[in-house]
Amino acid sequence: RVGGGNIMTVQDKIDTKFLKDTVADVVVKACSACAVARPEDPVGFVAGWLDQFVANDAILKKRSVELTERAAVEAEEEEARVEAEAAVVSHASRVAKALEHVTTLSGDPDILYKHAASYALKLSSSGGEGMRTYVADLEEPEEDEMADEPESLGEEGEAAPEAEEEEEEDAGIPPPGEPSYDDMFFRYVSVAAAKGDDQDWLVGKKLERGTGVSFALVDASPKAPWIDVPNAMTYRGPPREPKEGEEPADPEAPPEPTRVHFVGGFPRAGAYFAVPIVLATGEVAGMLCADTVKTPQGGNGRAIAEADKDLMRAVAKAAGVAMDSAAAARRERLLAAAEEQAKIAETLAAADAPEEGEEAKEGEEEAAEPEPEEEAPPEPEEGAEPTEEQFVAATEFKMRSAQKLLAAAEKNLARKQKRFDAVKPLIDVVDDDALAELRSLPRAPKATWRVVKAGLWMTGHKKFEFETWALTRKQIVDTYNDSLKALDPMKVEARDPKAWEGVHRCLKGLKDRAVMKESKVGALLFRWIEGFAGVSDAALEVSELKATIEDCENEIEKAQERMAEAAADAEAAAAQAAH
């Protein structure tokens, strides 16, 4: 019992706790309000107060939920904003790193082109989906050394080139500048596209003059800073500007507007954008392009985003910086190579100089009266077969002539060998680092390319392997000089006549000063290859003369045997007739 009352059971305690935890505070407040108001109907007042409390509590709970949800949305928005800002910073950082990387690719242009196309695609706003990017360089028509040579102009026509060569020699290393683009064409050298959109077939294709809109990058006055075509299928641009002296096919017909050229051959909808790769000299080395042309393999046909165009401009500018660095390095090496070439010239001059005693001997030979030329034996009468005696006399005359030529050929071989020995160590300098100088040339250096092709002909390469400068660059690797060093100029029996025709055509009329204006390592290669070819040609001449002499000896021996047999037969016949 408590105060004379009933003792509280466990259930009573539980119920009391429940009431205290749930409604006690609210009922107390209701009762307090009733006590303050002292209404006529206290029970009704408390009931109304509790009804209003329930309504107010629902409103407060709803507001609390709204505030919680709003706070969650604001938190999500803030998180998204932070993530977006981080993404922008991350993308900008990736772009900056990519551009910095591109500027360092001053070695092989093929590597530069590959990265330029790849970065322009992967760092685009769509991540490369629905778009493809590619690089095309500007190239000059290739020289085909195996093509039929034009007819000779005669003595008068040969004098002019000599005068030009003298002028070239005085000109020294030509200053960098912008070339004429009149004969140049675009060749696609690298392509990047989304997975499943195979565009590798485009690499190696040409964009010839008179087709497409891209030549406005070099032909327009002033040059177009970029080409922006919203819809390649329906685009009609301003007519192409005629070159000086160029006459239209139909003067009365209105000029044809320029149209986009579809390399695949079938017009399709989609945007096209191209920006030139410009060097510090103003020269346009090529272009970086993108399109969204819709095909079954890829392309979304939509416009190219402005941000993507800005990215391409930045990548093209970085590529120009890389090519400028390569050109500056090559020029620095050329300027520093003058002294080296002078020493090589002195070495060759010393090799050409007669040794002690030889000069006096040569002087005596020059002072001595020349031997009278041997007259050829008389030929048989027309229609008559030569007798054995006449055949032997003619063959002996041919053999004596070959022997005289052999003596001169052997002296020439000795001189060529001595000259080659003077430049033979130069091939050891032409290592992979030195060959990288040649690989860094985006456009074919005409004289140096002929030297490189002569070496490729020598080492057994086929013409299709170096038909273009881009293909030739792939052959100028660390094995190039190893293949040359493995050759023996005296093994003339291994010479392929067709290949050596290519060697001779490549080297014909080539001067070391012309090569020197283009490439230091090219000049070293030229000295070595020219020396090797001189020895090999001289050795071949000696070998052929020896073979001629041996053939003559064999023919004479056989003829003498036939004459002896005939004499024996005649003697036997005479003896038999006497009996």
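Residues numbered from 1 in each chain as written. Predicted model: local features only at pLDDT ≥ 70, side-chain atom pairs only at ≥ 80, totals over all residues. Heavy atoms only, no water.

*Asks:* Honestly, the overall build of the protein in this entry has me stumped. Any pointers?
*Replies:* Scanning the protein from terminus to terminus reveals 18 helices and six strands. Counting only residues that meet the buried cut, the protein has 32% of its 579 residues in that class. Counting contacts in the protein only where the partners sit at least 6 residues apart, residues at least 24 apart contribute 75% of the total. (Helix = DSSP H or I, 4+ residues; strand = E, 2+ residues; numbered from the N terminus. Buried < 20%, exposed > 50% of the residue type's maximum accessible area, 1.4 Å probe, protein only. Contact = heavy atoms within 4.5 Å.)

*Asks:* Which parts of the structure should I look at to understand a nonpolar patch on the surface?
*Replies:* Residues Phe-18, Leu-19, Val-23 and Val-27 make up a contiguous nonpolar surface patch of about 350 Å² in total accessible area. If you trace the backbone, Val-23 turns up in the loop between α1 (10-22) and α2 (24-37). Its relative accessible area of 37% is what places Val-23 among the partly exposed residues. (Patch = residues over 30% accessible without salt bridge, like charges linked within 9 Å, V, L, I, M, F, W, Y side chains within 5 Å. Areas by Shrake-Rupley, 256 points an atom, 1.4 Å probe, with all protein chains shown as cover. Salt bridge = Lys/Arg side-chain N within 4 Å of Asp/Glu carboxyl O.)

*Asks:* Please explain the state of the cysteines as it appears in this structure.
*Replies:* What we call a disulfide is simply a covalent bond connecting the sulfur atoms of a pair of cysteines. Enumeration according to the criterion identifies zero disulfides in this entry. With no disulfide partner, Cys-34 has as its closest neighbouring cysteine sulfur the one in Cys-31, 6.9 Å distant. (Disulfide = S-S within 2.5 Å.)

*Asks:* Is there a simple way to explain the nonpolar core in this structure?
*Replies:* For soluble globular proteins, nonpolar side chains are generally found buried alongside one another. Residues Leu-438, Met-458, Tyr-480, Leu-507, Leu-525 and Ile-529 are the most contacted members of the largest nonpolar core, which totals 61 residues. If you tally residues by element for this core, the top one is helix α18 (residues 520-578), at 18 residues. Sequence-distant contacts of Ile-529, defined by excluding residues within four places in its chain, comprise Val-451, Ala-454, Gly-455, Met-458, Tyr-480 and Leu-507. (Core = buried A, V, L, I, M, F, W, Y, C linked by side-chain atoms within 4.5 Å.)

*Asks:* I would appreciate a short explanation of the pairing of strand β2 (residues 185-193) in the present structure.
*Replies:* Side chains on a regular strand alternate between the two faces of the sheet. With eight of nine residues buried, β2 lies mostly within the body of the structure. The sheet contact formed by β2 and strand β3 (residues 206-207) spans two bridges and is antiparallel. If you follow Phe-186 over to β3, its bridge partner there is Leu-207. (Pairing = 2+ DSSP bridges.)

*Asks:* What exactly am I supposed to notice about the environment of Asp-431 here?
*Replies:* Considering the arrangement of structural elements, one finds Asp-431 in the loop between α11 (426-429) and α12 (432-439). As a C-alpha pair, Asp-431 and Thr-479 span 48 residues in sequence and 8.9 Å in three-dimensional space.

*Asks:* Just to check I follow, could you spell out the sheet that holds β3 for this structure?
*Replies:* Read across the open sheet, the six strands follow the order β3-β2-β1-β6-β5-β4; overall the sheet is antiparallel. Since the sheet does not close on itself, it has two edges, and those belong to β3 and β4 (227-229), each with one partner. Sheet topology note: the strand β1 (residues 132-139)/β2 ladder contains eight bridges and is antiparallel. Looking at β2, one finds that Tyr-134 is bridged to Val-191. Where helix α7 (residues 306-336) meets the sheet, it contacts β4, β5 (272-278) and β6 (284-291), and its direction lies at approximately 25° from that of β5. (Axes fitted to C-alpha atoms, helices over the stretch in contact; angles between N-to-C directions.)

*Asks:* What exactly am I supposed to notice about the pairing of β1 here?
*Replies:* Burial within β1 is extensive, with eight of its eight residues counted as buried. As defined by bridge partners, β1 adjoins β6 across six bridges and the pair is classed as antiparallel. Each residue of the ladder has a partner; that of Arg-132, found in β6, is Asp-291.

*Asks:* Please clarify how unusual backbone geometry should be interpreted in this entry.
*Replies:* Glycine aside, a negative phi is what most residues show, and trans is what most peptide bonds show. Backbone geometry at Arg-38 places phi at a positive 45°, although glycine is not the residue there. Position of Arg-38 among the secondary structure elements: in the loop between α2 and α3 (42-103). Residue Arg-38 is classed as exposed on the basis of its relative accessible area, which comes to 70%.

*Asks:* I'm lost on the packing of helix α10 (residues 388-423) against α18 in this one. Help?
*Replies:* The packing of two helices is summarised by the inter-axis angle and the distance between the axes. The interhelical angle for the contact between α10 and α18, taken along N-to-C directions, is 160°, at an axis separation of 8 Å. Here α10 is positioned roughly antiparallel relative to α18, judged by the angle of their axes. At the point where α10 passes α18, the crossing takes the left-handed sense. Residues that form the contact of α10 with α18 fall into these classes: 22 nonpolar, seven polar and twelve charged. (Parallel < 35°, antiparallel > 145°, perpendicular 65-115°, else oblique. Left-handed = near helix turned anticlockwise from the far one by under 90°. Nonpolar A, V, L, I, M, F, W, Y, C, P; charged D, E, K, R; others polar.)

*Asks:* Honestly, the packing of aromatic side chains in this entry has me stumped. Any pointers?
*Replies:* Each aromatic ring pair is characterised by the separation of its centres together with the angle its planes make. Per the counting criterion, the structure on display carries nine aromatic pairs. Aromatic pair Trp-449 and Trp-469: ring centres 6.0 Å apart, planes at 75°, arrangement edge-to-face. Within this pair, whereas Trp-449 is found in helix α13 (residues 446-458), its partner Trp-469 is found in helix α14 (residues 469-475), the two being separated by 20 residues in sequence. The class for Trp-449 is buried, based on a relative accessible area of 6%. Considering the side-chain rings of Trp-500 and Phe-532, the 6.4 Å spacing of their centres and the 20° angle between planes classify their relative orientation as stacked. With Trp-500 in helix α16 (residues 497-507) and Phe-532 in helix α18, the pair connects residues that are 32 residues apart, well separated along the chain. One exposure class covers both Trp-500 and Phe-532, and it is buried. Taken together, the ring pairs in this structure connect Phe-420, Trp-500, Trp-528 and Phe-532 into an aromatic cluster. One residue, Arg-313, lies across the ring of Trp-226, its end atom 4.0 Å from the ring centre. The residue whose ring lies beneath Arg-495 is Trp-500, and the NZ or CZ to ring-centre distance is 3.8 Å. (Phe/Tyr/Trp six-rings, centres within 6.5 Å; stacked < 30°, edge-to-face > 60°. Lys NZ or Arg CZ within 6 Å of the ring centre and 35° of its normal.)

*Asks:* Please explain the confidence of the model for the protein as it appears in this structure.
*Replies:* As a general rule, the predicted coordinates of low-pLDDT regions are not to be interpreted in detail. Residues with a pLDDT of 70 or more make up 87% of the protein, whose mean pLDDT is 84. Confidence, expressed as mean pLDDT per element, reaches its minimum in the protein at helix α5 (residues 154-171) with 42 and its maximum at β5 with 96. Long-range and interchain partners of residues 152-171, a stretch whose pLDDT sits below 50, account for nine contacts in this model, where long-range means more than four residues apart. (pLDDT = per-residue confidence, 0-100.)

*Asks:* Would you mind showing me how to read the environment of Pro-276 here?
*Replies:* On the secondary structure map, Pro-276 appears in strand β5. The sequence separation of Pro-276 and Ala-224 amounts to 52 residues, and the corresponding C-alpha distance is 8.7 Å. Other than its neighbours up to four places away in sequence, Pro-276 contacts Leu-217, Ala-224, Pro-225, Trp-226, Val-284, Gly-286, Met-287 and Ala-316.

*Asks:* When you look at a negative patch on the surface in this model, what are you seeing that I'm missing?
*Replies:* Together, Glu-550, Asp-551, Glu-553, Glu-555, Glu-557, Glu-561, Glu-565 and Asp-569 line one region of the surface with negative charge. Residue position: Glu-550 is located in helix α18. On the basis of relative accessible area, Glu-550 is assigned to the partly exposed category, the value being 47%. (Lys, Arg positive; Asp, Glu negative; His and termini not counted. Charge placed at Lys NZ, Arg CZ, Asp CG, Glu CD.)

*Asks:* Help me out: how do you make sense of the side chain of Asp-197 in this one?
*Replies:* Of note, Asp-197 is situated in the loop between β2 and β3. With relative accessibility at 6%, the residue Asp-197 sits in the buried group. Here the side chain of Asp-197 touches Arg-132 through a polar contact of 2.8 Å, side chain to side chain. When residues no more than four places from it in sequence are discounted, the contact partners of Asp-197 are Arg-132, Thr-295, Gln-297, Gly-298 and Gly-299. (Polar contact = N/O pair within 3.5 Å; in protein donor to acceptor, adjacent residues only side chain to side chain.)

*Asks:* How should the pattern of salt bridges be read in this particular structure?
*Replies:* For side chains bearing opposite charge, pairing can occur when the charged atoms are close. Scanning all chains against the criterion turns up 25 salt bridges. Across the pair Asp-57 and Lys-61 runs a salt bridge whose closest N-O atoms are separated by 3.3 Å. Remark: Lys-61 and Asp-57 occur in helix α3; sequence separation between them is four residues, near one turn of the helix. Given a relative accessible area of 53%, Lys-61 falls into the exposed group.

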